[in-house]
Each structure stands twice: as structure tokens, then as C-alpha cells.
Amino acid sequence: MIQIDITFVKKLQIKKNPKDFSMLFQFYGPKIKALMIRSGSDYAFAEDIMHDTMLTVWKKIDLYNSSKGSFSSWIYTIARNNRIDILRKKSSQPYVDINEVEMMSNDPDSEKIILDSQTAANIKKMVRQLPQKQKIIIEMAFNEDLTQKEIAEKLEIPIGTVKSRMRLAYIKLKEGFKEYQ
Amino acid sequence: MKLSQHPDPASLLSYSSGGLSTPFSILISAHISLCNTCSEKVKLYNEIGGVLIEDTADADLSQDALNKFMNAIVHESDDRLPTDSKNVDIQQQNNNTEIPFPLYKYIGSSIEKIKWRYLAPGIKRVSILMEGEKNAYLSLLHIGPGKKIPEHTHTGEEMTFVISGSFQDKTGVYNIGDLADHDEEIEHQPTVIGKHPCVCIVATEGPMIFKSFFANLFQSFYRI
Ligand SMILES: [Zn+2]
């Protein structure tokens with residue numbers, strides 16, 4: 001298996017070498033397709049979204065900014081947006097691109113989260129260490145693409161409980177995050 | 001911009017995981033385009049998505065998948081102009097309008113150009129058609145100084161984003177860029193404060209049903 005690290009991604013940004021992109025495709029393609037299948041898409045549809053996602057990655061590679069998040073999270077947001085685009089048949093999906101948002105803010109209270117490969121690895125650890133009750137909800141949201149209401153129905157708990165577990169998960173992730181900084 | 005009213009972190013998580021309907025996603029997008037604190041949170045949540053992608057066991061691709069991809073990128077001229085020019089447009093428009101750019105494509109780039117319809121004395125509204133949305137609605141409201149948003153009910157969640165002016169309800173004061181993210185249970189009747197009218201955009205699950213007789217009268221003509 002190849003190592004997709006920041007050096008590799010920077011190389012792609014400098015020169016869009018098809019051969020390197022074929023490696024990227026072989027690493028992420030099967031994972032994106034798997035994620036789409038898990039969130040309820042059939043095989044053909046999952047492969048279509050995967051294909052569109054990888055084409056977007058090729059087209060927009062130079063917009064990726066490593067200080068705004070890990071490469072995998074960038075890929076994730078593209079796949080998510082493509083899926084929403086196709087499912088809702090919208091020409092433009094309702095998401096703002098975090099990578100493209102430049103804040104005009106001088107808000108001293110806002111806590112800047114600097115993401116590098118080390119923090120990305122830590123987040124991975126923290127997601128795995130979340131208490132089971134929170135982890136299940138997060139996985140249902142991200143993997144199965146369920147809304148808060150759907151999660152509540154599936155687990156037979158009130159929607160307020162779903163929300164409070166989501167909030168708790170954030171606090172846990174944030175705490176863990178600070179520890180590593 | 002220093003904002004004081006933010007969405008529930010649970011809503012931000014759902015935004016990140018793709019679990020919000022379009023009207024709610026639009027309002028969150030508008031808020032995070034102005035709010036550092038919340039865009040940082042969304043970044044953190046997006047990382048969860050990244051982790052899950054990496055942890056996912058590979059699915060089998062169809063045999064010609066790689067060839068198809070390689071063909072597509074080789075034949076695709078390396079033309080990045082369309083995305084770049086779009087971004088420049090957005091930036092330029094952003095400099096001379098009060099409307100945050102994630103709202104442009106739904107309501108245009110100027111409050112002045114909105115074609116309001118009368119709802120009640122001092123209150124105007126426009127419904128924004130959401131194609132492909134079964135049960136989520138987006139409405140623009142223009143409420144005069146000192147006016148109350150008529151008491152209303154709806155079946156589920158509600159979010160309100162302030163485009164201009166200010167309002168107040170029992171949960172606090174909301175200014176430009178602030179987002180009110182209320183649970184179903186919260187009964188609230190916001191009042192516009194200050195000298196100027198308040199323009200806000202409201203996402204609801206299910207249509208807003210106004211309680212008062214007067215508003216109901218109009219309800220039958222205009223569904224909001
Ligand atoms: Zn915020």
C-alpha cells in the first residue's frame with residue numbers, strides 16, 4: 001500500500017502527473033465506494049459518486065490547503081457534497097467550502113485549530129476512544145448518513161439525547177485536541 | 001465578525017456528516033462563512049469524516065474503473081479557470097453586499113432587489129422554493145422595528161439567520177450573522193429591536209403555521 005502523506009499531496013499540487021493520480025485513485029477509490037455503500041447507495045451509484053469525487057480531486061487539487069485539514073477530510077467533504085448533489089439533483093450543493101472560506105474576523109475568542117498530520121493522527125485516536133454511546137451516534141451520522149431524527153428512531157431514544165451525545169462527543173474531541181497541542 | 005449566537009454543536013456535526021436538509025445547511029453555511037468559532041468546529045467534524053474514510057475497508061471497484069478514470073483525466077484539459085473565476089466573482093460580490101455569499105444563489109446578492117409580499121402590518125415575506133425537499137422550508141422575513149414575528153408553530157426544528165437588523169427573544173439578542181437554532185420545544189416570539197427593520201431567513205421542518213387570526217387569514221393566500 002502506498003503512503004499518502006503531505007509530501008505526496010504537495011507533489012500532486014506542483015505537477016498533476018496522471019501516474020500519481022492513478023495511485024491516489026487506487027488508495028481512495030475503493031474506500032469512497034465502500035463508504036457510499038454503507039450509507040445506503042447501491043454498487044453502481046456508489047461507483048459513480050466515487051468516480052465524480054476522484055475527478056473533482058483531480059480538478060481541484062491545487063485548492064487543497066493542508067493547514068485547513070487533513071487530505072482525507074478534504075476527500076470526505078468532496079464525496080459528501082457529490083452525494084448530496086446527485087441525491088437532491090441540485091446544480092449547486094448547499095455547502096460552503098471550508099477550504100475557500102477566508103475569515104474577515106479578528107475575533108480574539110475564536111480558537112484556531114491548526115491541523116497537521118500529527119493532529120490528524122490524534123483525532124483518529126480520539127474518535128476511536130470516544131465512549132461507546134457517543135461513538136455509535138457519530139458513526140451512524142457519518143457512516144450511515146442518518147439525520148438526528150433517524151438516529152433517534154433507530155436507537156429508540158429522544159432526539160434531545162442524540163443532540164446531547166453529539167455535543168458531548170464534541171467536548172471530548174476538543175479536550176483531546178487541546179491535550180495534543 | 002464577532003458573533004454571539006451560534007448553532008448547536010450537534011447541528012454543526014449533522015451539517016458536517018451531511019445529515020441536514022438543504023434549507024438548514026444553507027443557513028449554517030451562511031453563518032460559518034462569517035464565524036471563525038463555528039468554522040473551526042466544522043473543520044474538526046470534517047476530520048471525523050476523514051478518519052472514517054481511512055478506516056473503511058476497501059470495496060471492490062468494477063474492472064474498468066481505473067481505466068475509465070485515467071481516460072477521463074487524460075482527456076480533461078488542464079483547465080482550472082472556471083473554478084478560479086467563480087471564486088473571484090464570489091469575493092468581488094462579497095465586498096459590496098450585505099448578504100453572505102452562501103445565500104446569493106438562493107436570494108440574490110442584494111436585499112433591495114427582493115420582491116417582498118405582504119404578510120401582516122409591518123411584516124413582509126418571501127418563500128424560497130426548495131426543489132427536491134420534501135419537508136423543509138425556507139422563508140425570508142422583513143419585520144419592521146418593534147414588531148413581533150407572529151406566533152407560529154411548525155412540526156419540527158427551526159433555524160433563523162439574521163441578514164440585517166436585530167431581534168430578541170427569551171433566549172437572547174440576535175444581530176447580523178447570528179443564528180438562532182431552537183429545539184422543537186422552545187416556544188418563542190421574537191421582537192425586532194433597534195431602529196431598523198430586521199431581515200432574517202428562516203428554515204423550518206414543515207411549513208410555518210401562524211396562530212393569530214389575522215395572520216391565518218393571509219396564511220390561506222400565502223403559504224409561508
Ligand atoms: Zn458561530
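Position numbers for residues count from 1 along each chain, tracking the sequence in the order it is written. Written order determines the labels here, with chains lettered from A and ligands numbered from 1. Whole-chain, interface and lining totals are the exception, using all residues; otherwise, since this is a predicted model, local features are given only for residues with pLDDT of at least 70 and side-chain atom pairs are given and counted only at 80 or more. As a rule here, side-chain values come from all non-hydrogen atoms in the structure, and water together with hydrogens is ignored.

(A) Quick peek at the nonpolar core. Joining through side-chain atoms within 4.5 Å is the link that ties buried Ala, Val, Leu, Ile, Met, Phe, Trp, Tyr and Cys residues into a set, and such a set is a nonpolar core. Under the scheme applied here, a residue whose accessible area is under 20% of the maximum for its type counts as buried, over 50% as exposed, and between as partly exposed, the area being computed with a 1.4 Å probe on protein chains only. Core analysis: the largest hydrophobic core is formed by 96 residues, its most contacted members being Leu-24, Tyr-28 and Phe-71 of chain A together with Leu-140, Ile-163 and Ile-201 of chain B. Only heavy atoms matter for contacts: two residues are in contact if any of them lie within 4.5 Å across the pair. Residues in contact with Ile-163 of chain B, not counting those within four places in the same chain, are Glu-98, Ile-99, Leu-103, Ile-107, Ile-111, Leu-140, Ile-176, Val-199, Cys-200 and Ile-201 of chain B.

(B) Fine view of the packing of helix 3 (residues 43-60) of chain A against helix 4 (residues 65-75) of chain B. Look at helix 3 of chain A against helix 4 of chain B: their axes get within 11 Å of each other, and the N-to-C directions meet at 35°. In this structure, helix 3 of chain A meets helix 4 of chain B at a crossing whose hand is right-handed. Facing Glu-47, His-51, Met-54, Leu-55 and Trp-58 of chain A of helix 3 of chain A, the residues of helix 4 of chain B in contact are Ala-65, Lys-68, Phe-69, Ala-72 and Ile-73 of chain B. Orientation is described by lines fitted to C-alpha atoms, with helices fitted over the stretch in contact, and by angles between N-to-C directions that extend from 0 to 180 degrees. Put simply, DSSP marks the helices as runs of H or I at least four residues long and the strands as runs of E at least two long, and each gets a number from the N terminus on. It is the rotation of the near helix from the far one that decides the hand of a crossing: anticlockwise by less than a right angle makes it left-handed, clockwise makes it right-handed.

(C) Structural context of the sheet that holds strand 9 (residues 191-193) of chain B. Residues and elements named next belong to chain B. Strand pairing is assigned whenever DSSP identifies at least 2 bridges connecting the two strands. What the three strands build is an open sheet, ordered 7-6-9; its pairing is antiparallel. Each edge of the open sheet carries a strand with a single partner, namely strand 7 (172-174) and strand 9. The mean inter-strand angle of the sheet, taken between neighbouring strand axes irrespective of direction, is 35°. Direction of pairing for strand 6 (residues 166-169) relative to strand 7: antiparallel, over a ladder of three bridges.

(D) Local environment of the confidence of the model for chain B. Residue-level confidence of the predictor, termed pLDDT, takes values from 0 up to 100. Of all residues in chain B, 79% attain a pLDDT of 70 or more, and the chain-wide mean is 81. Across the assembled chains, the prediction reports ipTM 0.86 with pTM 0.85.

(E) Structural context of the coordination of the zinc ion. Residues and elements named next belong to chain B. Donor atoms: N, O and S within 2.8 Å of the metal, or within 3.2 Å for Na, K and Ca. Because water is excluded, sites can look incomplete. For the zinc ion, every protein donor is listed as His-6 (ND1), His-31 (NE2), Cys-35 (SG) and Cys-38 (SG), and the spread of their distances is 2.0 to 2.3 Å. In this scheme the shape depends on donor count and angles: four donors with every angle between 85 and 135 degrees give tetrahedral, four or six donors with opposite pairs above 155 degrees and others between 65 and 115 give square planar or octahedral in turn, and any other case is irregular. For the zinc ion, the four donor atoms are set out with angles of 101 to 115° between them, so the coordination reads as tetrahedral. Between the donor residues of the zinc ion, the gaps in sequence give the motif H-x24-H-x3-C-x2-C. The class for Cys-35 is buried, based on a relative accessible area of 2%.

(F) Quick look at the domain arrangement of chain B. Residues and elements named next belong to chain B. Those domain boundaries reflect an automatic or database domain assignment. The domains assigned to chain B are domain 1 (9-93) and domain 2 (108-222). Of the residues lining the interface, twelve residues belong to domain 1; the matching set on domain 2 comes to 20 residues. Taken together, both faces of the contact between domain 1 and domain 2 bury some 1200 Å²; the carbon and sulfur share is 80%. Of all residues in domain 1, the largest losses of buried area upon contact with domain 2 belong to Pro-23, Phe-24 and Leu-27, amounting jointly to 52% of the total for that side. We count a salt bridge whenever a side-chain nitrogen from Lys or Arg sits within 4 Å of a carboxyl oxygen from Asp or Glu. Across the contact surface, domain 1 and domain 2 share zero salt bridges. Pairing of N or O atoms within 3.5 Å defines a polar contact, subject to two protein rules: one partner must be a possible hydrogen donor and the other a possible acceptor, and residues neighboring in sequence count only if both atoms are side-chain atoms. Counting across the domain 1 and domain 2 interface gives two residue pairs in polar contact (both at pLDDT 80 or more). Considering each element in turn, the side of domain 1 that touches domain 2 owes the most residues, eight residues, to helix 2 (residues 22-32). Gly is put with the polar residues, along with every residue not named as nonpolar or charged; the nonpolar set is Ala, Val, Leu, Ile, Met, Phe, Trp, Tyr, Cys and Pro, and the charged set is Asp, Glu, Lys and Arg. Looking at the side of domain 1 that touches domain 2 residue by residue, the classes come out as seven nonpolar, five polar and no charged. Two parts placed together each lose some accessible area under a 1.4 Å probe, and adding up what both lose gives the buried area.

(G) Structural view of the pairing of strand 6 of chain B. Residue and element names in this part refer to chain B. As judged from the three bridges shared by strand 6 and strand 9, these two strands associate in the antiparallel manner. In the sheet register, Gln-168 faces strand 9, and the bridge partner there is Thr-191. Hairpin connection between strand 6 and strand 7: a loop of two residues separates the two successive antiparallel strands.

(H) Region of the structure containing the interface of chain B and chain A. Each partner contributes residues to the interface: chain B has 70 residues there, and chain A has 81 residues. When the buried area of chain B at its contact with chain A is split by residue, Leu-44, Ile-53 and Phe-69 of chain B rank highest and sum to 10% of it. The tally of links from chain B across to chain A stands at five salt bridges. Linking Arg-167 of chain A and Asp-8 of chain B is a salt bridge whose minimum nitrogen-to-oxygen distance equals 2.5 Å. Across the contact surface, chain B and chain A share 17 residue pairs in polar contact (both at pLDDT 80 or more). With 19 residues, the single largest contributor to the side of chain B that touches chain A is helix 3 (residues 36-55) of chain B. Looking at side-chain class alone, the side of chain B that touches chain A contains 29 nonpolar, 21 polar and 20 charged residues.

(I) Summary view of the sheet that holds strand 2 (residues 123-128) of chain B. All names here are of chain B. Taken together, six strands build an open sheet; the order of strands is 1-2-3-10-5-8 and the sheet is antiparallel. If you trace the sheet from one side to the other, it starts and ends with strand 1 (117-120) and strand 8 (179-182), each paired once. Taking the axes of each pair of neighbouring strands and ignoring which way they run, one obtains an average angle of 25° across the sheet. Where strand 5 (residues 158-164) and strand 8 come together, four bridges link them in antiparallel fashion. Bridge assignment links Glu-158 to a residue of strand 8, and that residue is His-182.

(J) Layout of the packing of helix 3 of chain A against helix 4 (residues 71-87) of chain A. Residues and elements named next belong to chain A. Two elements in contact, helix 3 and helix 4, have axes separated by 9 Å at closest approach and are oriented at 125°. Our classification of the angle between helix 3 and helix 4 gives oblique. The two elements helix 3 and helix 4 cross, and the hand of that crossing is right-handed. Contact with helix 3, carried on its side by Phe-45, Ile-49, Asp-52, Thr-53, Thr-56, Val-57 and Lys-60, involves Phe-71, Trp-74, Ile-75, Ile-78, Ala-79, Asn-82, Arg-83, Ile-86 and Leu-87 of helix 4 and no other residues of that element. Each residue belonging to the contact of helix 3 with helix 4 can be placed in one class, and the counts come to ten nonpolar, three polar and three charged. Put simply, angles under 35 degrees are roughly parallel, angles over 145 are roughly antiparallel, angles from 65 to 115 are roughly perpendicular, and the rest are oblique.

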